[in-house]
Amino acid sequence: MPILLFDIDGTLYDGHGVGRRAVETTLQARVGRPVDSQAVSFSGKTDPQIFRALLADLGLDDGDLPDVLDAYHADMLTRLPGSRATAIAGAAEAVHRLAGSGLPVGLLTGNLEPLAYLTVEAVGLERALFPFGAYGSDREDRNALPHVAAERASAHLRRTVDPAELVVIGDTPLDVACARAAGARAVAVTTGRFDAADLSDADLVIDSLDALTADAVAQIMR
């Protein structure tokens, strides 16, 4: 049975820059001066990867990473509830439709776990829809996350889940790459910063999650 793992940012959710603003505020508090993060791409990266790159740019020791991540987490807990977060068009409907068809649904995201659930809840997707997943707080390397998700799906479904059963759904080449690294299938949606050509290594490239049906998933599993 296919097991669907959704990315969040750019796939289910548009934060309108709230995460980047929180990152910059967190680092500004650390260094005592304004921080511009625009030179670092966040797309498809885990939160620890993003902060490690920015700490290096600022000449800070990456031993500060745990404390910085804690500060970022605290900032986002207060920032997200009042933010201008919106669901990507068709995303919430797709999750409900696919879960309603009987397919197991989880998350695979670079976000820290508590922020992942706060984020999906901000766009009207209840936590119960995603009873398992893998997060940036589990592994810094996104390519390791499908194996974490498979372990958690196994516990949830009470059977052994092979990574080949996983379908990673995301909007960046790094989402596709992490699926490939685990022997999973990849569905890419052009709702983020990347177009169909950028995402062509996926098993299926779609313009909107409106096009992701149980039948379409069955086709790529053959």
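This text follows the structure it describes.
Undergrad: Requested: an account of the sheet that holds strand 5 (residues 133-134), with residues and values cited.
TA: Spatially, the 6 strands line up as an open sheet ordered 5-4-1-6-7-8, and their pairing is parallel. Of all strands in the sheet, those bounded by a partner on one side alone are strand 5 and strand 8 (204-206). Pairing of strand 6 (residues 166-170) with strand 7 (residues 185-189), which is carried by 4 bridges, proceeds in the parallel orientation. Bridging from a neighbouring strand, valine 167 pairs with arginine 185 of strand 7.

Undergrad: Give me the pairing of strand 4 (residues 105-108): which residues, what numbers.
TA: Going residue by residue along strand 4, you find Val105 and Leu107 tucked away on one face and Gly106 and Leu108 tucked away on the opposite face as well. By the bridge criterion, 3 bridges tie strand 1 (residues 3-6) to strand 4 in an arrangement that is parallel. In the strand pairing of strand 4, phenylalanine 6 is matched with leucine 107. In terms of strand pairing, strand 4 meets strand 5 through 2 bridges, oriented parallel. Across the sheet, residue leucine 108 finds its bridge partner in strand 5, namely alanine 134. In this view, the connection linking strand 4 to its parallel neighbour strand 5 by way of helix 5 (residues 113-122) has right-handed handedness.

Undergrad: Describe the pattern of salt bridges, and please don't skip the residues or the numbers.
TA: Within this structure, the stated rule accounts for 9 salt bridges. Members of the salt-bridge network, linked through shared partners, are Asp7, Arg142 and Asp175.

Rules behind the numbers
Each chain carries its own residue numbering, running from 1 in the direction its sequence is written. At least 70 in pLDDT is required for a residue's local features to be given in this predicted model, at least 80 for side-chain atom pairs to be given and counted, and no such filter applies to totals for whole chains, interfaces and linings, which use all residues. To obtain the side-chain values, all non-hydrogen atoms of the structure were included, while hydrogens and water were left out. Pairing between two strands requires that DSSP report at least two bridges joining them. Helix numbering and strand numbering both begin at the N terminus, where a helix is a DSSP run of H or I of at least 4 residues and a strand a DSSP run of E of at least 2. Residue burial is assigned from relative accessible area. The probe radius is 1.4 Å, only protein chains are included, and a residue is buried under 20% of its type maximum, exposed over 50%, and partly exposed in between. Here the term right-handed applies to a crossover when the path leading from its first strand over the helix to its second strand runs clockwise, the strands being oriented away from the viewer. When a carboxyl oxygen of Asp or Glu is within 4 Å of a side-chain nitrogen of Lys or Arg, the pair counts as a salt bridge.

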